[in-house]
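Spelled out, the chains give:
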Amino acid sequence: MTDIERREIVEAISAADNALNHLNSARRYLNSAGNWGLLDLFGGGFISGLLKHSKMSDAEREIENARFALQRFSKELRDVSGYSSIHINEFLTFADLFFDGFVADILVQSKISEAKRQCNDAIRKVESIKMELQRRL
């Protein structure tokens, strides 16, 4: 392995770590929003609704950060031989439908659950590729 190949792999791993940090943070906020949302569904009142929306805003911010981080990871991954657009395109559609305007608390819970699923899928994919990269070092 050349020094350039090694450097490209290290850069891709670093980008993966950054993406994982944002994805894990988003997952924590989504879990919290989901918990507050359940309380809100069962009569939690104004405060639980306020906290749910605050956590949703935090999650939305982290998901946006994760999307940028995934784009950077994708760019770094293209520099490593052996990774095709199939690997890259898998997570570029992450959370496309997240928070498209909620109408009812049930719909909020559904969207939070879907966003958590997408977040978990993205984490698994990034971790898998990161492990492959680490084996190559």
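Reading guide: rules and limits
- Residues numbered from 1 in each chain as written.
- Predicted model: local features only at pLDDT ≥ 70, side-chain atom pairs only at ≥ 80, totals over all residues.
- Heavy atoms only, no water.
- Core = buried A, V, L, I, M, F, W, Y, C linked by side-chain atoms within 4.5 Å.
- Buried < 20%, exposed > 50% of the residue type's maximum accessible area, 1.4 Å probe, protein only.
- Helix = DSSP H or I, 4+ residues; strand = E, 2+ residues; numbered from the N terminus.
- Salt bridge = Lys/Arg side-chain N within 4 Å of Asp/Glu carboxyl O.

Okay, the nonpolar core next. Counting 29 residues, the largest nonpolar core has Leu23, Leu30, Phe73, Leu77, Val126 and Leu133 as its most contacted members. Where this core is concerned, the elements lending two or more residues are helix H1 (3-41), helix H2 (46-78) and helix H4 (105-136). Among the elements that line this core, the one with the most residues is H1, at 11 residues.

For the rest of this paragraph, the subject is the environment of Asp17. Its place among the elements puts Asp17 in helix H1. For Asp17, a relative accessible area of 31% corresponds to the partly exposed category.

Before going further, it helps to examine the pattern of salt bridges. Two side chains carrying opposite charge are able to pair once their charged atoms lie near each other. Tallied over the entire structure, the rule returns 8 salt bridges. Between Glu8 and Arg7 there is a salt bridge, and its shortest N-O distance comes to 3.6 Å. Of the residues examined, Glu8 reaches a relative accessible area of 12% and is grouped as buried. Linked by salt bridges that have partners in common, Glu114, Arg117, Asp121 and Arg124 make up one network.

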